[in-house]
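Structure at a glance
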Amino acid sequence: MSEGGSHPWSYTSYGEHIPRSIYRLEGMISLAKEVDMLELAERKILRQFQGLPNNTANMTVYALVGAESIAITLDKKILNFFMNIVRNSGTIECEILQRQIAFSDQRGKDFINKVGKTRNLKKSLNEAQNIWKSVKNNSKDVKAGEIKARISTKTYIFQAKRAKFDPKVNPLCTICKQENENLEHFILHCKELEQIRSEYC
């Protein structure tokens, strides 16, 4: 794996391009299907940055790097756009908005309904989790970060589980070679990791 491709710094550079990719979408009538397609592509990219498998939960993919989904970003932009129009009373835009409010029905796809359907915006994450905060910009740390991310999302496959599907695989821990490697052994019992554990206990 390349040193520069799988860590939150990649997300930072990617995050700078998100506003460009959804520029002025808040004023357009975009279908939920289109937004879903954008989010699907975004999650794929975020999984690749973090070295996470495809079965990682969607929320986890965003939470680990402190990202927010394109849908939430769009909702914020829609509300911001709406408030900018409302604040400028007397403008043509404000008159158009008032007309839309007067003639709008709840089933329509106009801008007013779009504003009304925006999701409840909770506080954005916008901050990477400790797993990625502690990672330095080198391949060893990035690989360790990927393993931590997979363990915390329960998508890391330990030797004992591999052995269930492939009889050629040895279920013993690859570090201590004394017990079957599973989550409990890795976190609590592996003798080779005792010193590292003692630093945090």
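Residues numbered from 1 in each chain as written. Predicted model: local features only at pLDDT ≥ 70, side-chain atom pairs only at ≥ 80, totals over all residues. Heavy atoms only, no water.

- The chain is annotated in an unreviewed UniProt entry as Reverse transcriptase zinc-binding domain-containing protein from Mytilus edulis.

1. Side note on the overall build of the chain
- Within the chain, the secondary structure is distributed over 12 helices and zero strands.
- Written out in order from the N terminus, the α and β elements of the chain read α-α-α-α-α-α-α-α-α-α-α-α.
- A total of 201 residues make up the chain; the buried ones form 35% of that total. (Helix = DSSP H or I, 4+ residues; strand = E, 2+ residues; numbered from the N terminus. Buried < 20%, exposed > 50% of the residue type's maximum accessible area, 1.4 Å probe, protein only.)

2. Some words on the side chain of Glu39
- You can see Glu39 is positioned in helix α3 (residues 32-50).
- The residues touching Glu39, leaving out its near neighbours within four places in the chain, are Tyr62, Ser69, Ile70 and Ala71. (Contact = heavy atoms within 4.5 Å.)

3. Some details on the layout of surface pockets
- Counted as a void, the largest pocket has a volume near 860 Å³.
- Along the wall of the largest pocket there are 24 residues; nearest its centre are Ile147, Lys148, Phe186, Leu193 and Ile196.
- Listed by contribution, the elements that provide at least two residues to the lining of the largest pocket are α9 (139-152), α10 (159-165), α11 (183-189) and α12 (194-200).
- Counting residues per element, the lining of the largest pocket draws most heavily on α9, which supplies eight residues. (1 Å grid on protein atoms, 1.4 Å probe; cavity = no way out; pocket = protein on both sides within 12 Å on 5 of 7 lines; lining within 4 Å. Points joined across faces, edges and corners; volume = space filled by probe spheres on them.)

4. Description of the packing of helix α5 (residues 70-87) against helix α6 (residues 92-103)
- Where α5 contacts α6, the axes come no closer than 8 Å and their chain directions differ by 110°. As the angle between them shows, α5 and α6 are arranged roughly perpendicular. Between α5 and α6, the residues in contact are Phe82, Ile85 and Val86 and Glu93, Cys94 and Leu97, respectively.
- Of the residues in the contact of α5 with α6, the class split is five nonpolar, no polar and one charged. (Axes fitted to C-alpha atoms, helices over the stretch in contact; angles between N-to-C directions. Parallel < 35°, antiparallel > 145°, perpendicular 65-115°, else oblique. Nonpolar A, V, L, I, M, F, W, Y, C, P; charged D, E, K, R; others polar.)

5. Observations regarding the packing of α3 against α5
- One can describe the packing of α3 onto α5 by two numbers: an axis separation of 9 Å at closest approach and a directional angle of 130°. In terms of orientation, α3 and α5 fall into the oblique class. Taken together, the residues of α5 that come into contact with α3 (itself represented by Val35, Leu38, Glu39 and Glu42) are Ile70, Ala71 and Leu74.
- Tallied by class, the residues present in the contact of α3 with α5 amount to five nonpolar, no polar and two charged.

6. A few points about the side chain of His185
- Here His185 shows up in helix α11.
- Of the residues examined, His185 reaches a relative accessible area of 1% and is grouped as buried.
- Side-chain polar atoms of His185 contact the side chain of Glu179, separated by 3.5 Å.
- Other than its neighbours up to four places away in sequence, His185 contacts Cys173, Cys176, Glu179, Asn180, Cys190 and Arg197. (Polar contact = N/O pair within 3.5 Å; in protein donor to acceptor, adjacent residues only side chain to side chain.)

7. Re the confidence of the model for the chain
- Mean pLDDT over the chain works out to 76, with 71% of the residues at or above the 70 mark.
- Mean pLDDT values for the elements of the chain range from 56 in helix α1 (residues 8-15) up to 92 in α10.
- pLDDT under 50 marks residues 1-6. Its contacts with residues more than four places away, or in other chains, come to 17 contacts.
- In the predicted structure, residues 119-125 sits below a pLDDT of 50 and forms 13 contacts with residues beyond four places in sequence or in another chain. (pLDDT = per-residue confidence, 0-100.)

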